[in-house]
Amino acid sequence: MSDQTAAPAQPQRRSFLSTLEVDTRLLGMIGAFVIVCLVFNVLTDGRFLTPRNIFNLSIQTVSVAIMATGMVFVIVTRHIDLSVGALLATCTAVMAMTQTQILPQMTGLEIGHPMIPWITVLVGLLTGALIGGFQGYLIGYQMIPAFIVTLGGLLIWRNVAWHMTDGQTIGPLDETFLLFGGINGTLGVFWSWIVGLAAAAAAAVGLLMARRTKVSHGFPVKPMWAEVAVIGAVIAAILGFVAVLNSYTVPDRVVARDLARWGCEMAENCNAAYGIPYSVLLLIVVAVVMTVIAQRTRLGRYIFATGGNPDAAELSGINTKMLTVKIFAMVGVLCALGGIVASARLGYHTNDIGTLDELRVIAAAVIGGTALSGGVGTIYGAIIGALIMQSLQSGMAMVGVDAPYQNIVVGFVLVLAVWIDIQYRKFSGAK
Amino acid sequence: MAAPLVELKDISIAFGGVKAVDHVSLDLYPGEVVGLLGHNGAGKSTLIKCLSGAYRKDAGEILINGKHAEINNPRDARAHNIETIYQTLALADNLDASANLFLGRELTTAFGTVDDGRMEAETRKIMGRLNPNFQKFHAPVSALSGGQRQSVAIARAVYFNAKILIMDEPTAALGPQETQMVAELIQELKREGLGIFLIDHDVHQVKELCDRAAVMKNGQLVGVVKVDEVSTDDLLAMIIAGKKPEHLAA
């Protein structure tokens, strides 16, 4: 927002970037991410930026990134949610019990019945929404600080999950459910290209429509070449990502296990590739929906207004209490989604699933530029933040950095990222 | 004279035993500016917050255009065309001018999403009328000067056809030039037939801008006077001593 102040009446020196009207902050974060990737690529002799590792990196990031998009709204409204990891565990416990025990035993649906995964998902999302909404009620209507409510929630929901499962690992999970885990469920080459092309087309149309709206109101627009350059960059990024995922070929022995899935006659020389995982697709859908909520709906407008000035929001007739309930219910739903991906990736519900995820999620949102003072934050920032965290962690693991040093580096980066953000805000004159 | 726009009748509100407003009655006519004077804690802001919906009165009645009005929250107040301009509270600093102008009443597209284009166009129109020099349509309002922020707040009231305007120290944070701008705006709104409650500390300003002045002390109404019939010293005496001047006391 802050970097688009150039008024039409001032045709003075405009830098290349301001002509393009791209978010310098977004560029900065992408730049940081690229640097992290390049450094690790050098340190690992080129093993970091292989299709295989990029594929793994993206499926490892999904669960935390999904929850981080919700954490943005929480932090923007000056709250915090320490319970997301525990809530994720309760949701996966409920879902694991639902599909392996409750549904087969109580309704007589046999294990493997096609309805089981979908009922499970529904139950999980409902569980997340109810628990999140209840925490939101305690925060919004009963005025208990979010820190306390969710700190209590961290202890409660982690151990509710333990109680429900007697601390046991629950599995194996439903075959269809497992498709959300990453490598078990991918689009394959053909559909990945279709999705990529559709996304690229949608992005181009969206940007051009935004331009047309501006023109129709007589607002200043950037020059056409700048528009084309931005659209071109976006399309290249989308198709580039698809190309990378599509070049991660399935090993022959994996193809041999299920020839039909990969459309091969025989395992040798089949050249099947994984393509976009369903879990990454889910993250992209979540990101788009959350971004639309943030930027294009009244709900999002009220979230940011409340974060910027709670009194003003209240006086403008916004029901900030109900808003808090909605936000925390949304986070609950996202925890359930994150839980689906996390447990499907493992193949089981385990007792320690999602442990310390609350800290990763908060760190992702904060590295992504969400200000704890409220009112400022972006969905894409949180996702890039989650990517940076995951890249650091798996990069250091690949290089062979010892575990304690890994956490020391991540902690250091978290503080550094916030410091850079504060300097940037000072420099750019924003709040 | 026309019928009163607002009648506050016997309003009382207490906070934990402290009577912040104690049986106060006050009215406001169309095209009139009524100044509210008093020390900090005299109860003038509290009284007016009952009208703007920020507080709920404990007792008393509010009449708008002669009809009983139930005002329990800011939304109710807006439904009665009451708009409030606060000194500091009313803008979300992180949002731009048009988001603030339409906050709580966003224009939406056919899909139910917020229509930023139309809102910006409307904002440009109204700001072009109120403050033609204003250009920072995409900056968060935290980047605006005090006068610019105040003009956004006033634009909000004007845009939504306020009939009753409450201004809580609208010029407290402004420089002389910007104060002049707000003063001119008040005259303009008055000509359009709005009724304005102006809360202020500055007796000179009240004498200059208002038709009548209501003075409060310790939650009670000291008196309501026509500003032309009193001197600033009289007003000061009312604020400090809590008594009506003698030539009007009869």
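Here the structure is a predicted model, which is why all the values come from computation and not from measurement. (Residues numbered from 1 in each chain as written. Chains lettered and ligands numbered in written order. Predicted model: local features only at pLDDT ≥ 70, side-chain atom pairs only at ≥ 80, totals over all residues. Heavy atoms only, no water.)

**Thoughts on the overall build of chain A**
Put simply, the rule is: Counting from the N terminus, the helices are the DSSP runs of H or I reaching at least four residues and the strands are the DSSP runs of E reaching at least two. A radius of gyration in this sense is built from C-alpha atoms; the matching globule rule multiplies 2.2 Å by the number of residues raised to 0.38. Type-normalised accessible area, obtained with a 1.4 Å probe on protein chains alone, sets the label of each residue: buried when under 20%, exposed when over 50%, and partly exposed for intermediate values. Should any heavy atoms of two residues lie within 4.5 Å, those residues are counted as being in contact. Note on areas: these come from Shrake-Rupley sampling with a 1.4 Å probe, and a residue is covered only by the protein chains present in the view.
When helices and strands are tallied, chain A shows 18 helices and zero strands. Rg of the C-alpha trace for chain A: 23 Å, near the compact-globule value of 22 Å for 431 residues, within the 12% margin. Its C-alpha atoms give chain A principal-axis dimensions of roughly 70 × 60 × 45 Å. Counting across all 431 residues of chain A, residues that qualify as buried make up 49%. Restricting the contact set of chain A to residue pairs at least 6 apart, pairs at least 24 apart contribute 77%. Counting only carbon and sulfur atoms, one obtains 68% of the accessible surface of chain A, whose full area is about 20100 Å².

**Examining the packing of aromatic side chains**
Applicable threshold: A pair of Phe, Tyr and Trp rings is counted when the ring centres sit within 6.5 Å of each other, with Trp represented by its six-membered ring. The angle between the planes then sorts it: under 30 degrees is stacked, over 60 is edge-to-face, the rest tilted. Whether a charge sits over a ring depends on NZ of Lys or CZ of Arg being within 6 Å of the ring centre and within 35 degrees of the ring normal.
The full count for this structure, using the stated rule, is 12 aromatic pairs over all chains. A ring pair is formed by F102 of chain B and Y159 of chain B, whose centres lie 5.1 Å apart and whose planes are at 70°; its orientation type is edge-to-face. Note that F102 of chain B is positioned in the loop between α3 (97-101) and α4 (116-130) and Y159 of chain B in helix α5 (residues 146-159), a separation of 57 residues in sequence. Of the residues examined, F102 of chain B reaches a relative accessible area of 0% and is grouped as buried. On the accessibility criterion, Y159 of chain B (22% relative accessible area) is partly exposed. Put simply, the rings of F55, Y248 and Y274 of chain A touch in pairs and so form one group of aromatic residues. The ring of F160 of chain B has R105 of chain B sitting right over it, with the charged end atom 3.6 Å from the ring centre.

**Here's the deal with the confidence of the model for chain B**
Cut-off, in case you're wondering: Scored between 0 and 100, pLDDT is the confidence that the predictor attaches to each residue.
For chain B, per-residue confidence averages 86 on the pLDDT scale, and residues scoring 70 or more make up 97% of the total. Predicted as a complex, the structure gets a pTM of 0.85 and an ipTM equal to 0.77.

**Focus on the environment of L154 of chain A**
Residues and elements named next belong to chain A. Tracing the backbone shows L154 in helix α6 (residues 146-165). Its relative accessible area of 23% is what places L154 among the partly exposed residues. Sequence spacing of L154 and L87 is 67 residues, and the spatial spacing of their C-alpha atoms is 7.3 Å. Excluding residues within four positions of it along the chain, L154 makes contact with L82, S83, A86 and E358.

**Describing the confidence of the model for chain A**
Averaged over every residue, the pLDDT of chain A is 88; residues scoring 70 or more account for 95%. Taken together, the stretch residues 1-12 of chain A has pLDDT below 50 and engages in 14 contacts with residues farther than four places along the chain or on a different chain.

**Some points on the nonpolar core**
Grouped burial of nonpolar side chains is what soluble globular proteins tend to show. To keep things clear, this is the line we draw: Residues enter a nonpolar core if they are buried and are Ala, Val, Leu, Ile, Met, Phe, Trp, Tyr or Cys, with the set joined through side-chain atoms within 4.5 Å.
In terms of nonpolar packing, the biggest core is built from 91 residues, with I66, M71, F73, W262, M290 and I303 of chain A touching the most fellow members. Once residues lying within four places of it in the same chain are set aside, the contact partners of F73 of chain A are M290, I293, A294, I303, F304, I327, M330 and I379 of chain A. Ranked by size, the runner-up nonpolar core spans 49 residues in total, among them L101, L107, F137 and L174 of chain B.

**Examining the side chain of T84 of chain B**
All names here are of chain B. For T84, the position within the fold is in strand β6 (residues 82-85). Given the relative accessible area of 16%, T84 is considered buried. Those residues in contact with T84 that lie beyond four places of it in its chain are S52 and I166.

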